[in-house]
Every structure is written in structure tokens, then in C-alpha cells.
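A closer look at the structure
Residues per chain are reported as follows:
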Amino acid sequence: DIRNLGGPLQQPVSKPGYMTLRTEPLKAYKCESVRHCPGGPAGSCADHHDTTAVGCGACMPGAYSDGGNCVPCDGTVDVLPFVFVMLLALFVFVALVVAVSRDAIKQTNA
């Protein structure tokens, strides 16, 4: 859905929930969510949404979809689960070495 702002030099503006591509400012696309398309001049999308994707339906490079909103990647990785798994593996390994060593000592003393 497109509306004209007035005068002959004005570009059409999309209503919220619709968008137009910069390459086709007179062809409107209905967006999946109003959150993706706030309306405005051609190529207007919500933050971090790809303005070249029909309906603002994709995230910009360096962003990812989180519940329908595109959020920027911060470049960090949550290392806590990795550290926990590594410590657990180390504990299991030490417990196995101790158990095998006890059996070997018992057998040599018997």
C-alpha cells in the first residue's frame, strides 16, 4: 500500500506493514510482520533487516533472527558450557585412571 506525500517531486511512501524496494519504489510488498516494515520511503525496514529483501524478510549480514527481530551479532561466544563440559570430561578421566590404578595395585599385591 503506497501513499503520495504531495507535490510532483515527492516519492511515494509505504504505510506501516508494507515496503518497497529502492529499485522498484512503485511496487509495494506486504510484510510478514509490521515490526519488520515501519513504513516510509523506498527501502525502509526495521533495524538490522535487509532493505534489499522483499518484505524486509531477511537480516543484514552480521545480524541474526531472534524471535522475528534481527539483532546484530556481538561476536562473543558463551564459553561457560564449553568450560563445564571440559571440566566434567577431565573429572571422568581422572576418576577412570584412579579406578584402573587401584585395580592394578590390588592385583599386584594379591
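The structure reproduced in this document is the subject of the present report. (Residues numbered from 1 in each chain as written. Predicted model: local features only at pLDDT ≥ 70, side-chain atom pairs only at ≥ 80, totals over all residues. Heavy atoms only, no water.)

1. Structural notes on the state of the cysteines
Two cysteines joined by a covalent bond between their sulfur atoms form a disulfide. Scanning the model with the defined rule gives three disulfides in all. A disulfide bridge connects cysteine 31 with cysteine 37, and the sulfur atoms are separated by 1.8 Å. As the torsion about the S-S bond is roughly -90°, the cysteine 31-cysteine 37 disulfide counts as left-handed. Each member of the pair cysteine 31 and cysteine 37 is classed as buried. A sulfur-sulfur separation of 1.9 Å characterises the disulfide bridge that pairs cysteine 45 with cysteine 56. Because the sign of the S-S torsion sets the handedness, a value of about -80° for the bond joining cysteine 45 and cysteine 56 places this disulfide among the left-handed ones. With cysteine 45 in the loop between β4 (24-30) and β5 (63-66) and cysteine 56 in the loop between β4 and β5, this pair connects stretches of sequence that are 11 residues apart. Summarising the burial analysis for this pair, cysteine 45 and cysteine 56 share the class buried. (Disulfide = S-S within 2.5 Å. Buried < 20%, exposed > 50% of the residue type's maximum accessible area, 1.4 Å probe, protein only. Helix = DSSP H or I, 4+ residues; strand = E, 2+ residues; numbered from the N terminus.)

2. Remarks on the pairing of strand β3 (residues 18-21)
Bridging between β3 and β4 involves four bridges; their strand directions are antiparallel. Across the sheet, residue threonine 20 finds its bridge partner in β4, namely alanine 28. What sits between β3 and β4 in their antiparallel hairpin is a turn of two residues. (Pairing = 2+ DSSP bridges.)

3. Brief notes about the side chain of aspartate 50
Among the secondary structure elements, aspartate 50 is positioned in the loop between β4 and β5. Although buried, aspartate 50 forms no salt bridge, and the nearest oppositely charged side chain, arginine 22, lies 7.6 Å from it. In this structure the side chain of aspartate 50 is engaged in a polar contact, spanning 2.7 Å, whose partner is the side chain of threonine 52. Among residues more than four places away in sequence, those in contact with aspartate 50 are Cys45, Cys56, Ala58, Cys59 and Met60. (Lys, Arg positive; Asp, Glu negative; His and termini not counted. Salt bridge = Lys/Arg side-chain N within 4 Å of Asp/Glu carboxyl O. Polar contact = N/O pair within 3.5 Å; in protein donor to acceptor, adjacent residues only side chain to side chain. Contact = heavy atoms within 4.5 Å.)

4. Comments concerning the environment of threonine 20
Relative to the helices and strands, threonine 20 is located in strand β3. On a C-alpha basis, the gap between threonine 20 and glycine 55 in space is 7.9 Å, while along the polypeptide they are 35 residues apart.

5. Focus on the nonpolar core
With seven residues, the main nonpolar core is built from Met19, Leu21, Tyr29, Cys31, Cys37, Cys45 and Cys56. The residues contacting cysteine 31, other than those within four sequence positions of it, are Gly17, Tyr18, Met19, Cys37 and Gly55. (Core = buried A, V, L, I, M, F, W, Y, C linked by side-chain atoms within 4.5 Å.)

6. A few points about unusual backbone geometry
Trans peptide bonds make up the majority, and among non-glycine residues the majority have a negative phi. Not every positive phi belongs to a glycine, and histidine 48 is a case in point at roughly 70°. Locating histidine 48 in the fold gives a position in the loop between β4 and β5. When its relative accessible area of 36% is taken as the criterion, histidine 48 is described as partly exposed. You will see that cysteine 56, though not glycine, has its phi angle at about 50°, which is positive. Given a relative accessible area of 0%, cysteine 56 falls into the buried group.

Function cannot be inferred from these measures alone, as they are strictly geometric.
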